[in-house]
Amino acid sequence: MPQAVRFDEYGGPDVLHVVDVESRVPGEGEVVVRVKATGINPGEAAIREGLVHERWPATFPSGQGSDLAGVIAEVGAGVDGFGVGDEVIGFTHDRASQAELVVVDAQNLTPRPSAVSWEAAGALFVAGSTAYAAVRAVAAAEGDVLAVSGAAGGVGTLAVQLARNAGATVIAIAGEHHHDWLREHGAIPLAYGDGLAERIRDAAGSGGLDAFIDTFGSGYVDLAIELGVAPQRVDTIIDWDAAERHGVKTDGNMAGASADTLAELARLIADGRLEIPIARVYPLTEVRAAYRELERRHTLGKIVLTP
């Protein structure tokens, strides 16, 4: 029987188990994908802990995961354009991708370019679509000065690069041990902590800050408003209370979720214009350790599971 990650109650990583599950037959418009890699994300940890129960409740037993890349093992009726053996990048909204086999709507898949590694492909959906939507939400463009909080994280690293591709000057707020990577990718790295507002003003120059993408929470929306950024050019993917207070945007994963977005991001990776830094790869059976590392919030880029 195939294996999958499950949890039966809210809690820390220790509630996660890898268990045998029944195989599912693909329905109309669906395929079965044998998963080669699947990324993990902070939102999954928040759901598992019950921190967002009012917004996204879990139904037990619950699976985990949206990101996936793998090989099509079975095709359901009415599927055009994909066949058994095709290598694909995709996503599921069923909290099910952290598994050996997953049933996926074919419309949520795009072919995997050979130049995109399995690890990068499997980590692409949540972080990639979120970064894509956030950069679009703040209308990053040539000549803008844009700041990104949590700039070394899974979403932040991609938002930095997409904003640079759009022509913006990017101020990247992150721990100093990640500054070299950010500098190599065209950003101006700044350390978080006391005095950050003044450091941002100095880095932004006389024209000031035009836009702000918050991937971390913890007061960065308030800081953006303090720095004079117009609310319509601030996007947070995590601080909904601050978004309501200030009227800023909250475009994230759902705003960018499509196979077309995945295809565009995969092309950028294949063309060498986007990199997904992979912090570490864990086997599926070590899912608890993977989330423990993720929840320290100090890794550069993505953590990936391989069934």
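Rules used throughout
Residues numbered from 1 in each chain as written. Predicted model: local features only at pLDDT ≥ 70, side-chain atom pairs only at ≥ 80, totals over all residues. Heavy atoms only, no water. Helix = DSSP H or I, 4+ residues; strand = E, 2+ residues; numbered from the N terminus. Rg over C-alpha atoms; globule rule 2.2 N^0.38 Å. Buried < 20%, exposed > 50% of the residue type's maximum accessible area, 1.4 Å probe, protein only. Contact = heavy atoms within 4.5 Å. Areas by Shrake-Rupley, 256 points an atom, 1.4 Å probe, with all protein chains shown as cover. Pairing = 2+ DSSP bridges. 1 Å grid on protein atoms, 1.4 Å probe; cavity = no way out; pocket = protein on both sides within 12 Å on 5 of 7 lines; lining within 4 Å. Points joined across faces, edges and corners; volume = space filled by probe spheres on them. Nonpolar A, V, L, I, M, F, W, Y, C, P; charged D, E, K, R; others polar. Phe/Tyr/Trp six-rings, centres within 6.5 Å; stacked < 30°, edge-to-face > 60°. Lys NZ or Arg CZ within 6 Å of the ring centre and 35° of its normal. Axes fitted to C-alpha atoms, helices over the stretch in contact; angles between N-to-C directions. Core = buried A, V, L, I, M, F, W, Y, C linked by side-chain atoms within 4.5 Å. Right-handed = clockwise from strand over helix to strand, strands pointing away. Parallel < 35°, antiparallel > 145°, perpendicular 65-115°, else oblique. Left-handed = near helix turned anticlockwise from the far one by under 90°.

Draft legend 1. A look at the overall build of the chain. Scanning the chain from terminus to terminus reveals 11 helices and 14 strands. In terms of C-alpha radius of gyration, the chain reaches 19 Å, essentially the compact-globule figure of 19 Å for 307 residues. Here the C-alpha coordinates of the chain stretch approximately 60 × 40 × 35 Å along the principal axes. Looking at the chain as a whole, 53% of its 307 residues are labelled buried. Look at the contacts in the chain between residues 6 or more apart in sequence, and 66% of them connect residues 24 or more apart. Entry remark: accessible area of the chain is about 13,100 Å², with carbon and sulfur atoms responsible for 47%.

Draft legend 2. Representation of the pairing of strand 3 (residues 30–39). Counted residue by residue, strand 3 has eight buried out of 10 residues, so it is predominantly covered. As paired elements, strand 3 and strand 6 (residues 101–105) share five bridges and run antiparallel to each other. In the sheet register, Arg34 faces strand 6, and the bridge partner there is Leu101. Pairing analysis gives six bridges linking strand 3 to strand 4 (residues 67–75), with the strands arranged antiparallel. Within strand 4, the position partnered with Ala37 by the bridge is Ala69.

Draft legend 3. Focus on the layout of surface pockets. Of the volumes computed, that of the second largest pocket is approximately 360 Å³. Along its surface, the second largest pocket is lined by 18 residues, and Arg6, Glu22, Arg24, Leu101 and Val102 are the ones closest to its centre. Within the residue set of the lining of the second largest pocket, elements represented by two or more residues are strand 1 (3–6) and strand 6. Ranked by residues supplied to the lining of the second largest pocket, first place goes to strand 6 with three residues. A breakdown of the residues in the lining of the second largest pocket according to their chemical character gives nine nonpolar, three polar and six charged.

Draft legend 4. The arrangement of the environment of Ile238 in detail. In this structure, Ile238 sits in the loop between strand 12 (234–236) and helix 8 (240–246). Look at Ile238 and you get partly exposed, because its relative accessible area is 32%. In this structure the C-alpha to C-alpha distance between Ile238 and Asp251, which are 13 residues apart in sequence, comes to 9.9 Å. Filtering out sequence-adjacent residues up to four positions away, Ile238 remains in contact with Asp214, Thr215, Phe216, Gly217 and Arg297.

Draft legend 5. Region of the structure containing the packing of aromatic side chains. Taken as a whole and judged by the stated rule, the model has six aromatic pairs. Three or more aromatic residues link up through ring pairs in this structure, and these residues are Phe7, Tyr10 and Phe60. Looking at Arg55, its charged tip hangs above the ring of Trp240, at a distance of 4.1 Å from the centre.

Draft legend 6. The arrangement of the sheet that holds strand 12 in detail. Spatially, five strands are ordered 10-9-8-11-12 in an open sheet, and the strand pairing comes out parallel. Both outer strands of the open sheet, strand 10 (188–190) and strand 12, are each paired with one neighbouring strand and no more. In this sheet, neighbouring strand axes are inclined to one another by 15° on average, regardless of whether the strands run parallel or antiparallel. With three bridges connecting them, strand 11 (residues 211–214) and strand 12 associate as parallel partners. Bridged to Phe212 within strand 12 is Val234.

Draft legend 7. Expanded view of the nonpolar core. Judged by nonpolar contacts, the single largest core of 46 residues is most densely connected at Leu124, Leu146, Val148, Val160, Leu182 and Ile213. The next biggest cluster of nonpolar side chains, apart from the first, holds 21 residues, and it includes Val234, Ala242, Ala243 and Val248.

Draft legend 8. Inspection of the pairing of strand 14 (residues 302–306) at higher detail. The buried fraction of strand 14 amounts to four of the five residues, a majority that puts the element mostly inside the structure. As paired elements, strand 3 and strand 14 share two bridges and run antiparallel to each other. The residue bridging Thr38 from the neighbouring strand is Leu305, located in strand 14. Relative to strand 14, strand 13 (residues 278–283) runs parallel, the two sharing five bridges. Across the sheet, Val281 pairs through a bridge with Val304, a residue of strand 14. Remark: the strand 13/helix 11 (residues 287–294)/strand 14 crossover connection has right-handed handedness.

Draft legend 9. Structural detail: the packing of helix 3 (residues 125–137) against helix 4 (residues 154–165). For the pair helix 3 and helix 4, the least separation of the axes is 8 Å and the interaxial angle reads 45°. Between helix 3 and helix 4, the crossing angle belongs to the class labelled oblique. With respect to the hand of their crossing, helix 3 and helix 4 are arranged in right-handed fashion. Of the residues in helix 4, those in contact with Ala127, Gly128, Thr130, Ala131, Tyr132 and Val135 of helix 3 are Gly154, Val155, Leu158, Ala159, Leu162 and Ala163. Here the contact of helix 3 with helix 4 is built from residues that sort into nine nonpolar, three polar and no charged.

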